[in-house]
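Observations on chain architecture
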Amino acid sequence: MPVIKARVTVTLKNGVLDPQGKAIEHALDGLGFGGVGSVRQGKVFDVEIDGADKAKAEADLNAMCEKLLANTVIENYAVEIA
Amino acid sequence: MKSAVVLLPGLNRDRDMIAALTKISGTAPVTVWQTDTEIPDVDLIAIPGGFSFGDYLRCGAIAARMPVMRAVAEKAAKGVQVVGVCNGFQILVEAGLLPGALMRNASLKFVCREVKLEIANANTAFTRNYAAGQIIRCPVAHHDGNYFADPETLARIEGEGQVVVRYAEGTNPNGSINDIAGIINDKGNVLGLMPHPENLIEAAHGGDDGRALFESALGLPKAA
């Protein structure tokens with residue numbers, strides 16, 4: 001059975017405050033990494049889908065993002081198929 | 001008045017909610033499990049607090065997609081009153097039954113303390129036994145209660161009186177926009193709030209400021 005490998009990236013929308021990203025930014029500064037303008041934390045999902053139909057897989061992955069993987073009130077998502 | 005409490009793995013305030021509803025209504029609520037697809041005829045459905053599914057993915061995200069939540073949505077569409085407390089609020093926003101989102105507390109810390117709440121709208125089924133502008137005490141205990149909505153949604157819910165309770169007197173524990181502690185849907189029958197009114201209903205709790213919320217929702221008269 002062929003397998004399609006995909007990566008879904010979920011990030012906070014612009015304008016949504018990201019306190020975790022801010023804390024990481026400050027920690028990087030504390031470690032001496034100067035010049036870090038900003039850090040935004042997100043999520044990555046590596047998904048394997050049975051089959052070879054990439055168009056269907058992409059449509060399914062977009063639906064998965066809309067229904068579960070992302071909260072589209074605060075998050076954007078991107079689907080990338082290997 | 002009949003009530004139901006939704007049970008999901010990882011909730012831990014279900015017993016508090018059952019005890020509060022039993023004491024206030026005089027009848028034990030029925031309980032419905034996450035896989036149940038039907039909810040008996042009740043006047044009020046309560047979704048308690050806790051950490052359903054370990055807060056995996058996002059708080060309330062997995063719970064919101066369980067079969068029981070489809071049943072809750074069907075009941076809500078028919079006008080049955082639904083209240084979600086803490087994780088229950090997170091589940092209601094994840095299920096799309098309430099607008100906005102609940103994000104990590106601005107402090108990044110879990111907060112477990114007492115706050116002051118202002119009854120911002122006393123003209124709802126859940127707050128009619130309070131006075132508008134009344135300040136009450138209420139406990140909070142959460143890590144992700146930082147309410148967010150885009151400017152358009154925020155303007156709409158503020159304009160329509162859907163903000164029901166706000167953190168008052170500088171006690172906002174989580175950075176919520178406009179000090180929002182609890183909101184109601186546009187139909188006025190689904191309420192979500194981060195604080196725990198079920199934990200302040202009798203003298204043994206050190207106060208009963210939360211009791212009127214359940215009395216209101218259960219159609220009981222205002223306590224003397």
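Everything numeric in this text was worked out from a predicted model, so none of it was measured.

So, about the overall build of chain B. Across its full length, chain B holds 5 helices and 11 strands. For 224 residues, the compact-globule estimate of 2.2 N^0.38 gives 17 Å, and the C-alpha radius of gyration of chain B, at 16 Å, lies within 12% of that figure. For chain B, the C-alpha atoms occupy an extent of roughly 45 × 40 × 30 Å along the three principal directions. Classification of the 224 residues of chain B by burial places 55% in the buried group. A sequence separation of at least 24 residues applies to 73% of the contacts in chain B between residues at least 6 apart.

From N to C terminus, chain A includes 2 helices and 3 strands. A compact globule built from 82 residues should have a C-alpha radius of gyration of about 12 Å, whereas chain A, at 16 Å, is more than 25% larger. Counting the 82 residues in chain A, one finds 15% classified as buried. When contacts within chain A are restricted to residue pairs at least 6 apart in sequence, long-range pairs at least 24 apart make up 67% of them.

Turning next to the interface of chain B and chain A. Counting residues at the interface gives 11 residues for chain B, matched by 8 residues for chain A. Residues belonging to the side of chain B that touches chain A are distributed by class as follows: 6 nonpolar, 1 polar and 4 charged.

Of all residues in chain B, 100% attain a pLDDT of 70 or more, and the chain-wide mean is 96. Reported confidence for the predicted complex is 0.85 by ipTM and 0.94 by pTM.

Right, let's talk about the UniProt feature "active site" (unreviewed entry) in chain B for a bit. All names here are of chain B. Mapped onto this structure's residue numbering, the UniProt feature "active site" (unreviewed entry) falls at Cys86, His196 and Glu198. In three dimensions, the annotated residues from a span of 113 residues occupy one location, with a maximal C-alpha spread of 11.0 Å. Examined against the element boundaries, cysteine 86 turns out to sit in the loop between strand S4 (81-85) and helix H3 (87-94). By C-beta crowding, cysteine 86 is classed as buried, having 30 other C-beta atoms within 10 Å. Those residues in contact with cysteine 86 that sit more than four places away from it in its chain are Arg13, Gly49, His142, Met194 and His196.

Residues and elements named next belong to chain A. The antiparallel open sheet is built from 3 strands, whose spatial order is S2-S1-S3. In the strand order of this sheet, the two ends are held by strand S2 (42-50) and strand S3 (75-81), each with one partner. The sheet shows a mean angle of 20° between the axes of neighbouring strands, taken without regard to direction. Pairing geometry for strand S1 (residues 3-12) and S2, over 9 bridges, is antiparallel.

Note: α-helices contain 3.6 residues per turn, so residues at a spacing of three or four share the same orientation. Residues and elements named next belong to chain B. Among the residues of helix H2 (residues 67-77), Val68, Met69, Val72, Lys75 and Ala76 are the ones counted as buried. Considered in projection along H2, the buried side chains sweep an arc of 115° and stay on one side of the axis. Those residues of H2 that are buried lie in contact with strand S1 (3-7), strand S2 (30-33), strand S3 (44-47), S4, H3 and strand S11 (190-193). Phi for glycine 79, located one or two positions after H2, is positive at around 100°.

All names here are of chain B. Strand order in this open sheet of 9 strands is S2-S1-S3-S4-S11-S10-S9-S6-S7, and the pairing throughout is mixed. Looking at the sheet topology across the chains shown, the edges are occupied by S2 and strand S7 (135-142). For this sheet, the mean angle separating the axes of adjacent strands, direction not counted, is 25°. With 4 bridges joining them, S1 and S2 adopt parallel strand pairing.

Residue and element names in this part refer to chain B. The residue valine 32 is located in strand S2 in this model. Taking the C-alpha atoms as reference points, valine 32 and valine 6, 26 residues apart in sequence, are found 5.0 Å from one another. Sequence-distant contacts of valine 32, that is, excluding residues within four places in its chain, are made with Ala4, Val6, Leu7, Ile39 and Val68.

Right, let's get into helix H1 (residues 14-25) of chain B. All names here are of chain B. When the terminal C-alpha atoms of H1 are compared, their 16 Å separation across 12 residues agrees well with the 16 Å that a helix rising 1.5 Å per residue should span. Listing the buried residues of H1 in full gives Asp14, Met17, Ile18, Ala20, Leu21, Ile24 and Ser25. Each buried residue of H1 lies within a common arc of 165° when the element is viewed along its axis, so the set occupies one face. Phi turns positive one or two residues past the end of H1, at glycine 26, with a value near 85°.

How each quantity is defined
- Residues numbered from 1 in each chain as written.
- Chains lettered and ligands numbered in written order.
- Predicted model: local features only at pLDDT ≥ 70, side-chain atom pairs only at ≥ 80, totals over all residues.
- Helix = DSSP H or I, 4+ residues; strand = E, 2+ residues; numbered from the N terminus.
- Rg over C-alpha atoms; globule rule 2.2 N^0.38 Å.
- Buried ≥ 20, exposed ≤ 12 C-beta atoms within 10 Å, placed from the backbone.
- Contact = placed C-beta atoms within 7 Å.
- Nonpolar A, V, L, I, M, F, W, Y, C, P; charged D, E, K, R; others polar.
- pLDDT = per-residue confidence, 0-100.
- UniProt positions renumbered as here; feature names shortened; annotations may be inferred.
- Pairing = 2+ DSSP bridges.
- Axes fitted to C-alpha atoms, helices over the stretch in contact; angles between N-to-C directions.
- Arc of directions from axis to C-beta.
- Expected span 1.5 Å × (residues − 1).

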